Amino acid sequence: MRVIVTRPRHQARPLSDALEGIGAEVVECPLIEIERLSGLPVDAGDYDWLIVTSPNGAEEIARRGRNLPKLAAVGPGTADTLRRWGLEPSFVPSEHTQDALIAEFPQPAGRVLFAAAEGAKRGPVEALGADFVALYRTRLLTPEPPDGDVVVLASGSAARAYAGVGGAAPAVTIGPETTRVAQSVGLEVVCEAKTHDLEGLVAAVRDVMNSRR
């Protein structure tokens, strides 16, 4: 089965290697590019919590964060990235969704800093009365979409970019938020990862492969 991997070029290899390990033919088609907005420190000394929403954000906080309070990581991939930098999150919601973050966030929250991509949805920011800092910008790329049996989508941005370039392969998504975005732009979602990380994506692709044998 030919699987299209859409992660940024510098992040694609681990997923591609894992998919090749289960017998998939992988074609890499990066659809998003991460642009850092600043190299300046992010001082969180006045806050009780710092919420990080993505592995890219986790890397930025690991590099630039100063006087870090308790850390909340949205999604196991974000939590694992923090841990690779020696930072242990104090809270990870049970699902990689904004609703779970808001519903399960420890109370009283105190002062919260929400660190995410420029243009990120502000629902949790408003619900938690948080301050917001933009760490990076996600730029959508416009390559010619390759042929494939399924496309792997690890973010809503990748889903928008894939639909935007006319991609039509059925999608395997990393979680409910990416599924929602994919369906909203007209993509067919054939499987959603049960765990919202690389291992979950690989298992979901394996399930699709097995269903087609």
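Everything here concerns the structure above.
This text gives an overview of the structure that appears in the document. All values derive from a computational prediction rather than experimental measurement.

What the 5 strands build is an open sheet, ordered β2-β1-β10-β11-β12; its pairing is parallel. Every other strand in the sheet has two partners, leaving β2 (25-28) and β12 (189-192) as the edge strands with one partner each. Looking at each pair of strands side by side, their axes are set apart by 25° on average, direction ignored. Relative to β12, strand β11 (residues 171-173) runs parallel, the two sharing 3 bridges. Residue pairing for β12: alanine 171 is matched across the bridge by valine 189. Against the sheet, helix α1 (residues 9-21) makes contact with β1 (2-5), β2 and β10 (150-153), and its axis sits at roughly 160° relative to β2, the strand it touches most.

Turning to the packing of aromatic side chains, a few remarks are in order. Taken as a whole and assessed by the stated rule, the structure comprises 3 aromatic pairs. On the numbers, 5.5 Å between centres and 85° between planes, the contact of phenylalanine 91 with phenylalanine 105 is edge-to-face. Pair noted here: phenylalanine 91 is in the loop between α3 (76-84) and α4 (98-104) and phenylalanine 105 is in the loop between α4 and β8 (112-117), with a separation of 14 residues, a long-range link. Assigned by exposure class, phenylalanine 91 and phenylalanine 105 land together as buried. Linked through ring pairs, Trp49, Phe91 and Phe105 together constitute an aromatic cluster. Of note, arginine 111 hangs over the ring of tyrosine 47, and the distance from its end group to the ring centre comes to 4.6 Å.

Inspection of the secondary structure assignment puts asparagine 56 in helix α2 (residues 55-64). Overall, the relative accessible area of 13% leaves asparagine 56 in the buried class. In this structure, asparagine 56 is in contact with His10, Gln11, Ile34 and Tyr136, ignoring residues within four places of it in sequence.

Analysis parameters
- Residues numbered from 1 in each chain as written.
- Predicted model: local features only at pLDDT ≥ 70, side-chain atom pairs only at ≥ 80, totals over all residues.
- Heavy atoms only, no water.
- Pairing = 2+ DSSP bridges.
- Helix = DSSP H or I, 4+ residues; strand = E, 2+ residues; numbered from the N terminus.
- Axes fitted to C-alpha atoms, helices over the stretch in contact; angles between N-to-C directions.
- Contact = heavy atoms within 4.5 Å.
- Phe/Tyr/Trp six-rings, centres within 6.5 Å; stacked < 30°, edge-to-face > 60°.
- Buried < 20%, exposed > 50% of the residue type's maximum accessible area, 1.4 Å probe, protein only.
- Lys NZ or Arg CZ within 6 Å of the ring centre and 35° of its normal.

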